[in-house]
Structures are given as C-alpha cells and as structure tokens.
Amino acid sequence: MTTTVAPVPATAPDLIPGVWPPAAPEFVPGAPPPAPLWADTWRGIAKENPVLVQMLGMCPTMAVTNVLANGIAMGVATMFVLVGSGLCVSLLRKYIAHEVRITSYILIIATFVTLADLILAASFPEISKALGPFIPLIVANCLLLGRAEAFAAKVGPVRAVADGMGMGIGFTLSLAAMSAVRELLGRGSLLGFDILGARWEPWVFMVLPAGGFFTLGLLLITVAWIDELRRKRRMVAAK
Amino acid sequence: MSPHAHHGPPSAPSANAVTPPATAKAPEVSSWKLLATLAIGGAAAGLLVVAVYKATLPTIERYAAAKEAGAVREVLKAPARWDTLYLQKGALTKSPTAGDDRKGLPKAYVGFDASGKRLGAAVTAQEPGFQEEVLLMIGFEPSSGALIGFKVLDEKETPGLGDKIERDTSFGAQFPGRIAPLKGVRTRNTTDPSQVQTITGATISSRAVIRIINHAVERWQPLLLAYEKGGAQ
C-alpha cells in the first residue's frame, strides 16, 4: 500500500458537517480502478498471468510439473486458496487494523492451505502423496499474499473472488501447459495414458528439475515472441 | 476493532477536495485491539482447521488401512487371512498390554493360506535411499529366510532412474525365492540364491532396497522364530 495522509478514525465526528469526512464513494488508497467483472477475471488469465507475466509462484511451477495430473492438482489447490483467502480478506478488510494486516492475511491464507491439504488427502490420496510438501508450501507462494495485499484488501468481495478465479485459472493453465510438455516428452504419456507408444524413448531429462527450467524458458520465449508479433502488427496497423 | 482505521482521505485530491483540519491526527490503534484482532482470527482459524481435520480423519485413516492391507496381500501372495503381531518390550505379541498406543508399535503380519498353513511374515522397514527414506513392505518366510516379495510403499528417488525400484517389474520379480542376506551384482545370475541384479543407472537405489531387506530380515527373523517357539498362544 502506498503511504497515506493522516488516517481518520471511523468514529470521528463530522468535523465540518456535510464536508468532512468525505462521504461516498469509499476511497481506498492504491485501490485498483473500477473494472467489469470479466476484466477482473481475464487479467489473471492473460494480461497479468501469475507465471508467464508476474513470475510468481516459481517454486511449485518447477517442482510439481513433471506430470500433468500433479500440475493440474497444484493449480486447482492454489485456485481454491486464492478464491477463499481473497473472499475472506475482502470481507474482513474493514476490521483488520492496518498494523497487523500482513499477519492477518498470512493467517487466513494458512487456514485455507491447511483445509486444501486435508481435503486433498481425503479425496485424492495418490495425488496428495505425489505433491507431498508442496501443498503446505502454497502458504509461501508470493501470489497469495500479493493478491491479498494488492487487490482483495481494497475491493469488494465479488471483485476479489473474480480476481482469485482469474489468477487461479491463469496459474492452473500455465502449470498444465508446462506439465503436459514435460510428461509427454519425459514419459511419453498424458495423464498416465500412453500417447507416444512403446517405441518412444522417454527423455528422462524432462521430468528432472533441469527439464522444468528448460520448459519454462521455452514457454516464456514463446509468450514473448507472440507478444512481439502482435506489437509489430499493431504498429504496422497504426501507420 | 476500529473499522476504517487505515482509510485516509484522498491522497490525490480532486479539485474540490478538502484538507483535513490540523486537529485530525493519525489515531494510535491500541495494542490491545491489535492483539484482539489476531487472537480472534487465530481462534476462528484454529476451530475451522480442527473441524475439517476431524471430518477428514476417518477417510484418511481408512485409506491408509486399505493401502496397508493391499500391500500385505501383495507381498504374501494373497494369504487367506493374517494375524497382526505387535512388537512390545522386545517380543512379539498378538495382544499388546493396554496403555501403549497400538498404532505406534512396530508390527509384523503373519499370513496363512486357506488350510491354515503359514505362508510367511510381512514387515515394513525404512532406510535412506539415494535422495530420501525408502519405505518397503517385505514378505519372507521366517524359518528359511526366503523372500516372498516386496513392495515399495514410499520413495522419492530420481524420476526415471531410481524410481525404477518401484516401476521396473523385472527387478522386483527377481526377489521371490531368494534367500537373505542378499547381494547386489551387475550381471544376472540364476544359480546363486543370494544374488540380485541391480538396475542400470539406479545402482544406489537398488542397493538401498537390498540393504533394507537384509536389515529387516536380520531384525525380524529371530523375533518371529521366538514367537513361534513360544507356542504362538
């Protein structure tokens, strides 16, 4: 949050009746500009994609994307925490004192991560085992605290949920793209189904950590290249 | 708790913005209020987590029990029934004395076929592999030390190399009938019943499996024989 001028207590009497404190609209310093809900959601999927643009959550992006099922499960678990914590932070934003906001956000995020961990262990034990410590580590994903502080704490609950959904979908899509490439080349399969057949010699390299960096690099180059092409086309069109 | 405590007036004033009077000072939020916020938040979060933990625990435990039973069935080659023995005070017993937590005691499963003939015993053992601890369930015949089979319950070995101890069926297929203590060798040898061929590219993981099996047999064989001698009341 940017620095603010002297805050005024809510209980402050009308110092200058009708003029001060200012009534509606509610003003929050650094609040995102008003936008339609689809734009709040679309932002996370494309324009501010957590992995491909914001470069947040790199640890799970590298660690769990060796098979497609893990990538999708990690994405969905993160989306659950994003939406849940976004909603809570937004609903409680007026009751959380500025001084303890980060602590409170972490508390909310950690609660949702624990819930996600338990629910996953009870409903998808195999995936839960494969993801191991990386589900609890969602707490430390900068994406969660980033969205809570930069967005959810400054807007209403509906916009916060829309943003959480968008960021969650964007994160899931990026992880799915990475893990699909890595599983296909590294194991010759997708979601465990053999795709490339017995004659395919798996590139073991792709399911090892180095393959993660390699795939992410290729993905980022592709995104930057498409971006560049579109910019050039726009410039040509402008002339 | 003070709502709006941090909401200031516009920092980028519009044309008709009003400057607050000099008397409007930044309020000090009392430490007690901050403490209360976190205490209430922490208590609510704790209650929620405990509630979900209690709700999911039976499912998680049922899954773990089913997985263990499946592993016993696999390493003892489908026994008709099995007894669970608990290791308490250095000896195996069917019914551990009360007071001890049953779940925390090391266990051995003795399997029997339909006619009541003993097939062998299954035990779990865990030791470091190449990267992390490898957890195995091992089935063997206590009197001869002959292996019936083993199953990897948990491993975090290198994908594509070390994890072949779990995926490579021709590696696992060597073990039934071999007599512990085992020795890992590079070439296939069918005459010596103590030799097992290690996996190319996963020598350390293969040797870890062999070491874990040897240690488990060494530890459990005398216990199981003593239990049997005791009449298996």
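Peer 1: Quick one: what's the story with the sheet that holds strand β5 (residues 133-141) of chain B, residue by residue and with numbers?
Peer 2: Residues and elements named next belong to chain B. With antiparallel pairing, the 6 strands of this open sheet are ordered in space as β2-β1-β3-β4-β5-β6. The sheet is open, and its two edges are formed by β2 (91-93) and β6 (146-154), each paired on a single side. With direction set aside, neighbouring strand axes in the sheet form an average angle of 30°. The pairing of strand β1 (residues 81-88) with strand β3 (residues 107-112) spans 6 bridges and is antiparallel. Paired with Tyr-86 across the two strands is Lys-107, which belongs to β3.

Peer 1: Tell me about the packing of aromatic side chains, residues and numbers included.
Peer 2: Residues and elements named next belong to chain A. Counted by the stated rule, this structure contains 6 aromatic pairs over all chains. Pairing Phe-80 with Phe-112 gives two aromatic rings, centres 6.1 Å apart and planes at 65°, and the pair type is edge-to-face. Here Phe-112 lies in helix α4 (residues 101-123) and Phe-80 lies in helix α3 (residues 68-92), a separation of 32 residues in the sequence. Phe-80 sits in the partly exposed class, given a relative accessible area of 36%. For Phe-112, a relative accessible area of 14% gives the class buried. The interplanar angle of 65° and the centroid separation of 5.5 Å between the aromatic rings of Phe-205 and Phe-214 together place this pair among those described as edge-to-face.

Peer 1: I'd like to hear about the packing of α3 of chain A against helix α7 (residues 157-187) of chain A, residue by residue, with values.
Peer 2: All names here are of chain A. For the pair α3 and α7, interaxial distance at closest approach is 8 Å and the crossing angle is 165°. Taken together, the axis directions place α3 and α7 in an arrangement best described as roughly antiparallel. Pair α3 / α7 crosses with right-handed handedness. Of the residues assigned to the contact of α3 with α7, the class counts are 20 nonpolar, 9 polar and 1 charged.

Peer 1: Give me the lowdown on the side chain of Asn-214 of chain B, citing residues and values where you can.
Peer 2: Residues and elements named next belong to chain B. Among the secondary structure elements, Asn-214 is positioned in helix α4 (residues 203-229). Given a relative accessible area of 14%, Asn-214 falls into the buried group. Sequence-distant contacts of Asn-214, defined by excluding residues within four places in its chain, comprise Ala-180, Pro-181 and Leu-182.

Conventions and cut-offs
Residues numbered from 1 in each chain as written. Chains lettered and ligands numbered in written order. Predicted model: local features only at pLDDT ≥ 70, side-chain atom pairs only at ≥ 80, totals over all residues. Heavy atoms only, no water. Pairing = 2+ DSSP bridges. Helix = DSSP H or I, 4+ residues; strand = E, 2+ residues; numbered from the N terminus. Axes fitted to C-alpha atoms, helices over the stretch in contact; angles between N-to-C directions. Phe/Tyr/Trp six-rings, centres within 6.5 Å; stacked < 30°, edge-to-face > 60°. Buried < 20%, exposed > 50% of the residue type's maximum accessible area, 1.4 Å probe, protein only. Parallel < 35°, antiparallel > 145°, perpendicular 65-115°, else oblique. Left-handed = near helix turned anticlockwise from the far one by under 90°. Nonpolar A, V, L, I, M, F, W, Y, C, P; charged D, E, K, R; others polar. Contact = heavy atoms within 4.5 Å.

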